[in-house]
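Descriptive structure summary
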Amino acid sequence: MNSSKKIPWYVGKDIILTKRQSRQLKELVKYVKEKSPKLAELYQEIGEDFTLKDLPVTTKEMIMNDYERWITTSDFTLKDLEEFAKDVSLAGELFRKKYVIAETSGSTGYPFYIAYNRKECSKMNDTLSENLKMKFVLHRPACFLFPFDKHILSICNAKQGLRKYPLMKKYVALKDSNIPMEDMVTFLNNYQPKMLCTYVSTAEMLAKEQMEGRLNLNLKEIIVGGETLTPKTREYVEKIFQCKMRSLYASTEACGIALDCDYNHMHLHNESLIVEPVDENYNPVPVGKQAHKILITSLYERTVPLIRYEINDKVTIHTTPCKCGNKAPWVEVEGRSIEPPFIFKNEKGEVTVSTFMLFVKTMGLQNVRKIQLILHGYDWLECRVDFIENTGEMETFQEIKGILADSLEKFNVKNVKISLSKEKPQIDASTRKFKFAYQIMY
């Protein structure tokens, strides 16, 4: 896309919607007032003549606390989605032959379930730029390398795409990133993908395998998401694989938000998504200044409506020209940062395990707000857990302990003490940032 005509204009603190977006927003509000009991209550003072800022901010907690009255269908309940999501073999499969279900917890730790019907799925896949779609054609075969034990959007999107274009099964592989590194290396050496789609931390670990000669890939492009791609990591991975890395800024709720160009600027590309940068009090933040969070309005999601929905990513929107020629605004994102992998030991020596993979495995537990993992040495894993009040804390911890123990056993890592800390998750005193996992060597 070489023009920003389809993307809202950002002028100072103002967001100027296109005529099409203004019309779609009014249609969306009218629809949810008719179909969603909760939003009908929330919007009872909203007439036909309103602006985006007249609409109240909404949050994940608001939706989850009154899920059945928020959604616009009576096809399912929250309990139905929770039961469906328990079966990880169904990740990406159609729920009741109609919906794709994705789950997330994000940085807040609260579980969240979103349902996309067939029309919404098609629109969701279309939010990826035509340039990115063309890459899958030119750089085949491609491999999606993500954990299979959660209904994460990456796997759901890939399976939906293969349902829509069944001939692509010949050129696309879906592989579980939870397998031991030696098995992953064997698979990739045999499959020889030209394009790899994965988490940043997984790409970094594979670069180490390539550098040390165990992995032998000739990649054309690597597309990463889930974690913030730092300049240092980009330089390291691109140097080893001798190919371009591209970073996709996305969320389960909003799908693709921005995609970087050849000059590493993350351009907004989704005309059906309105992104509002705001401060901690939801006041608009001007162009060029970092926002405390963003509010997203998805103009096509109607099953689970997301209107001025809060996402806790620190984002800076820029409107300065980019050398790539794309006139759309571009964003800097301080999202979930990449944490170094844990180093364990087994009888063969050191074993690297992605901390982000462990985080994904423990996300979305119903009685948990946030988890922080600290590995002491090689054999003591301390779990700092912020439990939701009045829940079975020890029962939930036993579930966490079982998840972590099963994960480590796949890497032949045993005899690791997993304990519940008396402390709650906390930010790093020196950097004032939250690390969801880190290792302390004595």
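Each remark here, short or long, concerns the structure printed above.
Not measured: the values here are computed from a predicted model.

1. Re the layout of surface pockets
When its volume is computed, the second largest pocket comes out at roughly 600 Å³. Taken together, 22 residues line the second largest pocket, and the ones lying closest to its centre are Met 181, Glu 209, Glu 350, Val 351 and Thr 352. Of all the secondary structure elements, the ones that give two or more residues to the lining of the second largest pocket are α9 (181-191), α10 (200-211), β18 (342-346) and β19 (349-353). When its residues are assigned to classes, the lining of the second largest pocket shows 10 nonpolar, 4 polar and 8 charged.

2. Things to note about the pairing of strand β5 (residues 112-117)
Along β5, 6 of the 6 residues are buried, which leaves the element largely enclosed by surrounding structure. In terms of strand pairing, strand β4 (residues 99-104) meets β5 through 6 bridges, oriented antiparallel. Note on β5: the bridge partner recorded for Ile 101 is Ala 115.

3. Description of the sheet that holds strand β23 (residues 437-440)
Read across the open sheet, the 4 strands follow the order β22-β21-β20-β23; overall the sheet is mixed. Edge strands, defined here as strands with exactly one partner in the open sheet, are β22 (417-420) and β23. Averaged over all adjacent pairs, the angle separating strand axes in this sheet is 20 degrees, with direction ignored.

4. What to know about the pattern of salt bridges
A full pass over the atoms with the stated rule returns 21 salt bridges. For Glu 382, the salt bridge identified is with Arg 384, shortest N-O distance 3.5 Å. The exposure class assigned to Arg 384 is buried, which follows from its relative accessible area of 10%. Residues joined by salt bridges that share partners form a network here, namely Lys 38, Glu 41, Asp 66 and Arg 69.

The rules behind these values
In every chain, residue numbers begin from 1 and rise along the written sequence. Only residues with pLDDT of 70 or above have their local features reported here, since the model is predicted, and side-chain atom pairs are shown and tallied only from 80 upward, although totals for entire chains, interfaces and linings are computed over all residues. Hydrogens are left out, water is left out, and the side-chain values use all remaining heavy atoms of the structure. Here a cavity means grid points, on a 1 Å grid over the protein atoms only, where a 1.4 Å probe fits yet cannot get out; a pocket means an open set of points with protein on both sides within 12 Å along at least five of seven lines; lining residues are those with an atom within 4 Å of a point. Grid points are joined across faces, edges and corners, and a volume is the space filled by probe spheres set on the points. Per the convention used, a helix needs a DSSP run of H or I reaching at least four residues, while a strand needs a run of E reaching at least two, with both numbered from the N terminus. Polar here means any residue other than Ala, Val, Leu, Ile, Met, Phe, Trp, Tyr, Cys and Pro, which are nonpolar, and Asp, Glu, Lys and Arg, which are charged; Gly is therefore polar. A simple rule labels every residue: compare its accessible area, found with a 1.4 Å probe on the protein chains alone, to the largest value its type can have, and call it buried under 20%, exposed over 50%, or partly exposed in between. For two strands to be treated as a pair, DSSP must find at least two bridges joining them. Simply put, an axis is a line fit to the C-alpha atoms, just over the touching stretch for a helix, and the angle between two N-to-C directions goes from 0 to 180 degrees. One side-chain nitrogen of Lys or Arg within 4 Å of one carboxyl oxygen of Asp or Glu is enough to make a salt bridge.

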